[in-house]
Amino acid sequence: MRDIAAERRDIERAIEGQTLCSRFAATVARIGDAEALVDKGPGGETRSLSWAQYRERVRDATLGFHALGLRPKDFGVLLARNRPEYLIADLGLMHLGVTAVGMYNTLAPEQISYIANHCDARIAIVENAAFLARFRRDELPRLEHVVLIDGSSDDPSVITLEQLMARGRAAHDRDPHLFDKLWHAVQPDDIVTLIYTSGTTGPPKGVIDTHRNALWVLESAQSFERTGERDCSISYLPLAHAADRFLNHYMSL
């Protein structure tokens, strides 16, 4: 017979004081040279990043966002297809203490405006100009910055992902300890993401998830379906969806 109370205590002990940031750091320290992300490039070529390379890019994104003026407790929205750049930007926000909010790629402009305004997003990470065209900037007074993964823009409030990463690398050169200082300040009860409901019963509701919530779910899942370092998973649900965000993106960390 299962001792549910004992299982809960075991989970609490396993996640005590931990965040997704600290778990990511531990994974990189343990298997940094192993393959972390694999995808297909623009020409169909296979591309991959090791765990160490992955975290280095997350570091650059974190410091780039910090250089733009983002601070803990801010919110950022992401509108892009599942790709490594999405994950890097998402984790860059997380390591700064900024809450990342994934939006479904099928959303209409008015739905994008509603969610971005509802969470007071200060920044949007967007795949390309076609995705950006659905952002009605005149309806988004709090949105200060846009980062384009692909392409560029003449708008001074829009920068490319590469420009963001370059700012982060420059910040790291100036202060090699800043990244660690920033992510160590993230606490277990900080909000890691908002998962917005579909809106079929009214306006979408933002479901609050903290680092502690996420780690509880992941540790609980591992208790009955343990994954190993040699396992691979395919990201096929939208990253705005709770299942892919938790059981693929966060679980891999």
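Residues numbered from 1 in each chain as written. Predicted model: local features only at pLDDT ≥ 70, side-chain atom pairs only at ≥ 80, totals over all residues. Heavy atoms only, no water.

Caption draft 1: Representation of the layout of surface pockets in the model. Considering only enclosed or pocket space, the largest pocket measures out at about 1,300 Å³ in volume. Lining the largest pocket we find 44 residues, and of these Trp-51, Asp-231, Ser-233, Asn-248 and Ser-252 sit closest to its centre. For the lining of the largest pocket, the secondary-structure elements that each account for two or more residues are helix H2 (20-31), strand S1 (35-40), helix H3 (51-68), helix H4 (84-96), helix H9 (211-224) and helix H10 (242-252). Per-class residue counts for the lining of the largest pocket are 22 nonpolar, ten polar and twelve charged. Its boundaries defined by the atoms lining it, the second largest pocket holds a volume of some 480 Å³. Lining the second largest pocket are 20 residues, and of these Asp-39, Arg-47, Arg-83, Pro-84 and Glu-85 lie nearest its centre. When contributions to the lining of the second largest pocket are tallied by element, the ones reaching two or more residues are S1, strand S2 (46-50), H4 and helix H7 (161-174). When its residues are assigned to classes, the lining of the second largest pocket shows nine nonpolar, two polar and nine charged. (1 Å grid on protein atoms, 1.4 Å probe; cavity = no way out; pocket = protein on both sides within 12 Å on 5 of 7 lines; lining within 4 Å. Points joined across faces, edges and corners; volume = space filled by probe spheres on them. Helix = DSSP H or I, 4+ residues; strand = E, 2+ residues; numbered from the N terminus. Nonpolar A, V, L, I, M, F, W, Y, C, P; charged D, E, K, R; others polar.)

Caption draft 2: Focus on the state of the cysteines. A complete count under the given rule lists zero disulfides for this structure. The structure places no disulfide on Cys-21, whose sulfur is separated from the nearest cysteine sulfur, that of Cys-119, by 19 Å. Look at Cys-21 and you get buried, because its relative accessible area is 0%. (Disulfide = S-S within 2.5 Å. Buried < 20%, exposed > 50% of the residue type's maximum accessible area, 1.4 Å probe, protein only.)

Caption draft 3: Geometry of the pattern of salt bridges. For the coordinates displayed, the defined rule picks out 20 salt bridges. With a shortest N-O distance of 2.5 Å, Glu-229 and Arg-30 are connected by a salt bridge. Here the residue Glu-229 occupies a position in the loop between H9 and H10, and Arg-30 occupies one in helix H2, the gap between them amounting to 199 residues. Relative accessible area serves as the criterion here: at 51%, Arg-30 is assigned to the exposed category. Across the pair Arg-83 and Glu-127 runs a salt bridge, and its minimum N-O distance is 3.1 Å. Of this pair, Arg-83 sits in the loop between strand S3 (75-79) and H4 while Glu-127 sits in the loop between strand S5 (123-126) and helix H6 (129-132), and the two are 44 residues apart along the sequence. Overall, the relative accessible area of 3% leaves Glu-127 in the buried class. Members of the salt-bridge network, linked through shared partners, are Asp-39, Arg-47, Arg-81, Arg-83, Glu-85, Glu-127 and Asp-150. (Salt bridge = Lys/Arg side-chain N within 4 Å of Asp/Glu carboxyl O.)

Caption draft 4: Quick peek at the packing of helix H1 (residues 4-15) against H9. Interhelical geometry of H1 versus H9 gives an angle of 125° and a closest axis separation of 10 Å. Classified by the angle their axes make, H1 and H9 are oblique. By crossing handedness, the relation of H1 to H9 is classed as right-handed. Between H1, through Arg-8, Ile-11, Glu-12, Ala-14 and Ile-15, and H9, the contact on the second element is made entirely by Arg-212, Leu-215, Trp-216, Glu-219 and Ser-220. Considering only residue class, the contact of H1 with H9 consists of five nonpolar, one polar and four charged. (Axes fitted to C-alpha atoms, helices over the stretch in contact; angles between N-to-C directions. Parallel < 35°, antiparallel > 145°, perpendicular 65-115°, else oblique. Left-handed = near helix turned anticlockwise from the far one by under 90°. Contact = heavy atoms within 4.5 Å.)

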